Amino acid sequence: MNILESGFSPSEAQVKYLDADYVVVKPGTFVRCAITGTPIPIEELTYWSVDRQEPYANAEAAFTAYLRDRKG
């Protein structure tokens, strides 16, 4: 099934984040930013944390997560 077929609905993927790559554990079309909750299309995923196993929508969200974890 692809995005052009009727009945297609976006679904959240499960991903294992590695140092310079990631592995899709459960197929889907997007992941959610750990800071903003924004859906991030898998093909646009650029920022994540290997240590926290979290995706981020952009550099600002990644930096916010870094600051959050430094405090606590």
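See above for the structure.
Positions within a chain are numbered from 1, following the residues in the order the chain's sequence is written. Only residues with pLDDT of 70 or above have their local features reported here, since the model is predicted, and side-chain atom pairs are shown and tallied only from 80 upward, although totals for entire chains, interfaces and linings are computed over all residues. With hydrogens and water stripped out, all remaining heavy atoms of the structure feed into the side-chain values.

### As for the pattern of salt bridges
Stated formally: Just to be clear on terms, a salt bridge is a Lys or Arg side-chain nitrogen sitting within 4 Å of an Asp or Glu carboxyl oxygen. By definition, any uninterrupted DSSP run of H or I lasting at least four residues is a helix, any uninterrupted run of E lasting at least two residues is a strand, and each is numbered from the N terminus. Remark: exposure states derive from per-residue accessible area (1.4 Å probe, protein chains only) relative to the maximum for the residue type, with buried under 20%, exposed over 50%, and partly exposed in between.
This model, assessed by the stated rule, comprises 5 salt bridges. Between D69 and R52 there is a salt bridge whose closest N-O contact spans 3.0 Å. Of this pair, D69 sits in helix α1 (residues 59–71) while R52 sits in the loop between β5 (47–49) and β6 (54–56); the two residues are 17 residues apart in sequence, bridging distant segments of the chain. Accessibility expressed as a relative area gives 28% for R52, which makes it partly exposed. Given a relative accessible area of 34%, D69 falls into the partly exposed group. Through salt bridges with shared partners, a single network forms among R52, E54, R68 and D69.

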